[in-house]
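# Tertiary structure, described
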Amino acid sequence: MTVNRRKVLSREAVLAALDAVKDPEVPVLSVVELGIVRDVEIAGDAVTVVVTPTYSGCPAMRVIEEDIVAALESAGISGARVRTVFTPAWTTDWIPARAREKLRAYGIAPPGVSGVHSPVQLRRAEQVKCPFCGSADTSLRSAFGSTACKALHFCNACTQPFEEFKAI
Amino acid sequence: MTSAAPFCEYLLRLGDDRLVLGHRLSEWCGHGPILEEDIALANIALDLVGQANLLLGRAAAVEGKGRDADALAFLRDSREYRNALIVELPRGDFGFTIVRQFLFSTYALHQWEALASCADADLAGIAARAVKETRYHVRHSAEWLVRLGDGTDESHARVQDALDELWRFTGELFLTDELEQGLVRRALAADSSTLEAPWRRDVEEVVRRATLRLPGDVYWQRGGRDGIHTEHLGLMLAEMQVLPRTYPGARW
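Computed from a predicted model, the values in this text were never measured in an experiment.

## Things to note about the overall build of chain A
Within chain A, the regular secondary structure consists of 3 helices and 9 strands. Ordered by position from N to C terminus, the α and β elements of chain A give α-β-β-β-β-α-β-α-β-β-β-β. In chain A, buried positions account for 40% of the 168 residues. Partitioning the contacts of chain A with sequence separation of at least 6, the portion at a separation of at least 24 is 52%.

In structure tokens form, the structure reads like this:
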């Protein structure tokens, strides 16, 4: 271990390094912005990143864990560990406004407010705005899209299909 | 049994329901009636297998014998599986798949809601996450059930047949036993018998909107929780488990 690496690790430095780790399925957002990183624990030289899964079956989670360790390694923080917690359950409400704007600019409609819906409610009440033209004249094609976290919509105004980051 | 054994057994019941149904649903991948639906069914299958992975992982940790979720999924025979019979039946046509998804997802939603406040922090966290996913599953299948039931004569007849066929397998979901009651007293399980009334209320509402008719009294099929399964499970497991059993420890 070099002298340089022996400097005291700060939480800010670790979080800054983690900001380079993007979700492989939504490469415009970092794992910090998505709320996947819940905490950073520092004990001397040992760093533990506490994460929570998004969807139970999200296939990106293992890649994300490997990317976290690799990103810290390249920032000079070796041997970081990743610990998974399940409580509290991940929600899209944790995604900050700035990150939502990034999603929209990337072409994915950001999530609305997650809430309790009647389980047997048919159709959603709220309209999702088209990320390309801003029109609210859109229709839901499928609540299940190319990844677990997205839904498929169609914009009737600009006749473009688009994806929505589902509120959950 | 040690004090951990009943909880491990309970986690196997929860995990096996989702693993087997998730696998059945994954059989639609590439065979869905339309592209969006193919994707939707695969997504729901992914959620279910993901939930199963977490539940079996917790079961393995509680068991404490060095097994992991993969060992429980791929190296147990059908007699050791604890899923309810309804989830192992062949996928049938699209109508049959939708009716089963609706009946099971509605049950799972009430079960997860109860488990979200259980005394095991890991299971409570898994449940809190799964509640949100399961709401999407219920809505998806309920919308389809109304569309098919209140659709053409052909689609109506097919989902009514599926409901009649599947109904006798629903009773098993609400059976409770001494093992479960012992865990309920320790706030580690949802009492299955209390899930039936809210489930039935939801099912009746959607069935009515779908212009379908609930079947009358039937003989309840059971046995899955004790490892007594239909012939279908063994055939399904043979396909699901062939790779890890043929190449033990295979990695890719």
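More follows now that the structure is in view.
## Remarks on the environment of Phe86(A)
As for its position among the elements, Phe86(A) is in the loop between strand S5 (81–84) and helix H3 (97–106). The spatial distance from the C-alpha of Phe86(A) to the C-alpha of Pro53(A) is 7.3 Å, given a sequence separation of 33 residues. With residues up to four places along the chain from it excluded, the contact list for Phe86(A) reads Thr52(A), Asp122(B), Gly125(B), Ile126(B) and Arg129(B).

## Looking at the interface of chain B and chain A
Residue-level contacts link 33 residues of chain B with 22 residues of chain A. The set of elements that each furnish at least two residues to the side of chain B that touches chain A consists of helix H2 (35–63), helix H4 (94–115), helix H5 (121–149) and helix H8 (196–209) of chain B.

## Quick word on the sheet that holds strand S4 (residues 46–51) of chain A
All names here are of chain A. If you walk across this open sheet you meet the 3 strands as S3-S4-S5, and the pairing is mixed. Edge positions in the sheet fall to strand S3 (37–43) and S5, since each has one partner strand and no second. Direction aside, the axes of adjacent strands within the sheet are offset by 25° on average. Here S4 runs beside S5; their pairing, made up of 4 bridges, is parallel. Bridge pairing in S5 links Thr48 to Arg81. Along the sheet, helix H1 (residues 11–18) contacts S3 and S4; its crossing angle with S3, the most-contacted strand, is approximately 135°.

## Topic: the sheet that holds strand S8 (residues 150–155) of chain A
Residue and element names in this part refer to chain A. One open sheet accounts for 4 strands, arranged S6-S9-S8-S7; its pairing is mixed. A strand with exactly one partner marks an edge of an open sheet, and here the two such strands are strand S6 (108–109) and strand S7 (138–142). Alignment of S6 against strand S9 (residues 160–165), held across 2 bridges, turns out to be parallel. Across the sheet, residue Ala109 finds its bridge partner in S9, namely Glu164.

## Topic: the domain arrangement of chain A
All names here are of chain A. Taken domain by domain, chain A comprises domain 1 (4–90) and domain 2 (96–165). Contact with domain 1, which involves 8 residues of that partner, is made by 8 residues of domain 2. Tallied by class, the residues present in the side of domain 1 that touches domain 2 amount to 4 nonpolar, 2 polar and 2 charged.

## Re the pairing of S9(A)
Looking along a regular strand, one sees the side chains alternate between the two faces of the sheet. All names here are of chain A. Relative to S9, S8 runs antiparallel, the two sharing 6 bridges. Residue His153 lies in a different strand from S9, and its bridge partner there is Phe162. Linkage of S8 to S9, two consecutive antiparallel strands, is achieved through a turn of 4 residues, within which Thr159 is found at a positive phi near 50°.

## Side note on unusual backbone geometry
Residues apart from glycine generally show negative phi values, whereas peptide bonds are mostly found in trans. At the junction of Thr87(A) and Pro88(A), the peptide bond is cis and its omega measures out at -5° in the coordinates. Positive phi, close to 60°, is recorded for Ala187(B), a residue that is not glycine. With respect to the helices and strands, the residue Ala187(B) is situated in the loop between helix H7 (178–185) and H8. For Ala187(B), a count of 12 C-beta atoms within 10 Å corresponds to the exposed category. With a phi close to 55°, Thr211(B) is a non-glycine residue in the positive phi region. For Thr211(B), the location among the structural elements is in the loop between H8 and helix H9 (231–246). Judged by C-beta crowding, with 13 C-beta atoms within 10 Å, Thr211(B) ranks as partly exposed.

Reading guide: rules and limits
Residues numbered from 1 in each chain as written. Chains lettered and ligands numbered in written order. Predicted model: local features only at pLDDT ≥ 70, side-chain atom pairs only at ≥ 80, totals over all residues. Helix = DSSP H or I, 4+ residues; strand = E, 2+ residues; numbered from the N terminus. Buried ≥ 20, exposed ≤ 12 C-beta atoms within 10 Å, placed from the backbone. Contact = placed C-beta atoms within 7 Å. Pairing = 2+ DSSP bridges. Axes fitted to C-alpha atoms, helices over the stretch in contact; angles between N-to-C directions. Domains from an automatic or database assignment. Nonpolar A, V, L, I, M, F, W, Y, C, P; charged D, E, K, R; others polar.

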